[in-house]
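# Structural characterization, general
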Amino acid sequence: QVQLVESGGGLVQAGGSLRLSCAASGRTFSWYDMGWFRQAPGKEREFVAGINWSGASTYYTDSMKGRFTISRDNAKNTLYLQMNSLKSDDTAVYYCAARMGGNIYSRTTEYDYWGQGTQVTVSS
């Protein structure tokens, strides 16, 4: 089994930046594709960004592209999400997830393991 723990969330003003981290343990981190998702109160879980096992390929939703950057350091077993130019609509609990394989990164059902989430709150 893979254990995932997110960190780095907090309260920031609109226009500010945060970097989220996801520490993985258990099975070999480099075996997995990874993704970031978020969920706001009253809304369903939403895809934010994805990255393949090596980090060579990344995927973003249109609203995140240009503001958010996903990356990974397999030597440290850690996934990152750099968030810039934050907006109030970015307020949500952010989750990292791992999958052994799949066809569409944005599908939550393709992921086998999930972290507990970290809260990001952006003031208007």
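Keep in mind that what you see is a predicted model, and the values were worked out from it rather than measured.

What follows deals with the overall build of the protein. Helix and strand content of the protein: 0 helices and 11 strands. Helices (α) and strands (β) of the protein occur, in sequence order from the N terminus, as β-β-β-β-β-β-β-β-β-β-β. The C-alpha radius of gyration of the protein comes to 13 Å, within 12% of the 14 Å expected for a compact globule of 124 residues. Counting the 124 residues in the protein, one finds 41% classified as buried.

Our focus in this paragraph is unusual backbone geometry. In this structure, N77 takes a positive phi of about 55° despite not being glycine. Its place among the elements puts N77 in the loop between β7 (68-73) and β8 (78-83). For N77, a relative accessible area of 30% puts it in the partly exposed group. Phi at S85 is positive, roughly 50°, even though this residue is not glycine. Tracing the backbone through its elements, the reader meets S85 in the loop between β8 and β9 (92-99).

A few words now on the environment of S54. With respect to the helices and strands, S54 occurs in the loop between β5 (46-51) and β6 (58-60). Each C-alpha atom of the pair S54 and W31 lies 8.7 Å from the other, and the pair is 23 residues apart in sequence. Separated by 3.3 Å, the side chain of S54 and the backbone nitrogen of A56 make a polar contact.

Our next topic: the side chain of T78. Residue position: T78 is located in strand β8. Its relative accessible area of 11% is what places T78 among the buried residues. If sequence neighbours within four positions are ignored, T78 has contacts with S21, C22, F29, R72 and D73.

Definitions and cut-offs
- Residues numbered from 1 in each chain as written.
- Predicted model: local features only at pLDDT ≥ 70, side-chain atom pairs only at ≥ 80, totals over all residues.
- Heavy atoms only, no water.
- Helix = DSSP H or I, 4+ residues; strand = E, 2+ residues; numbered from the N terminus.
- Rg over C-alpha atoms; globule rule 2.2 N^0.38 Å.
- Buried < 20%, exposed > 50% of the residue type's maximum accessible area, 1.4 Å probe, protein only.
- Polar contact = N/O pair within 3.5 Å; in protein donor to acceptor, adjacent residues only side chain to side chain.
- Contact = heavy atoms within 4.5 Å.

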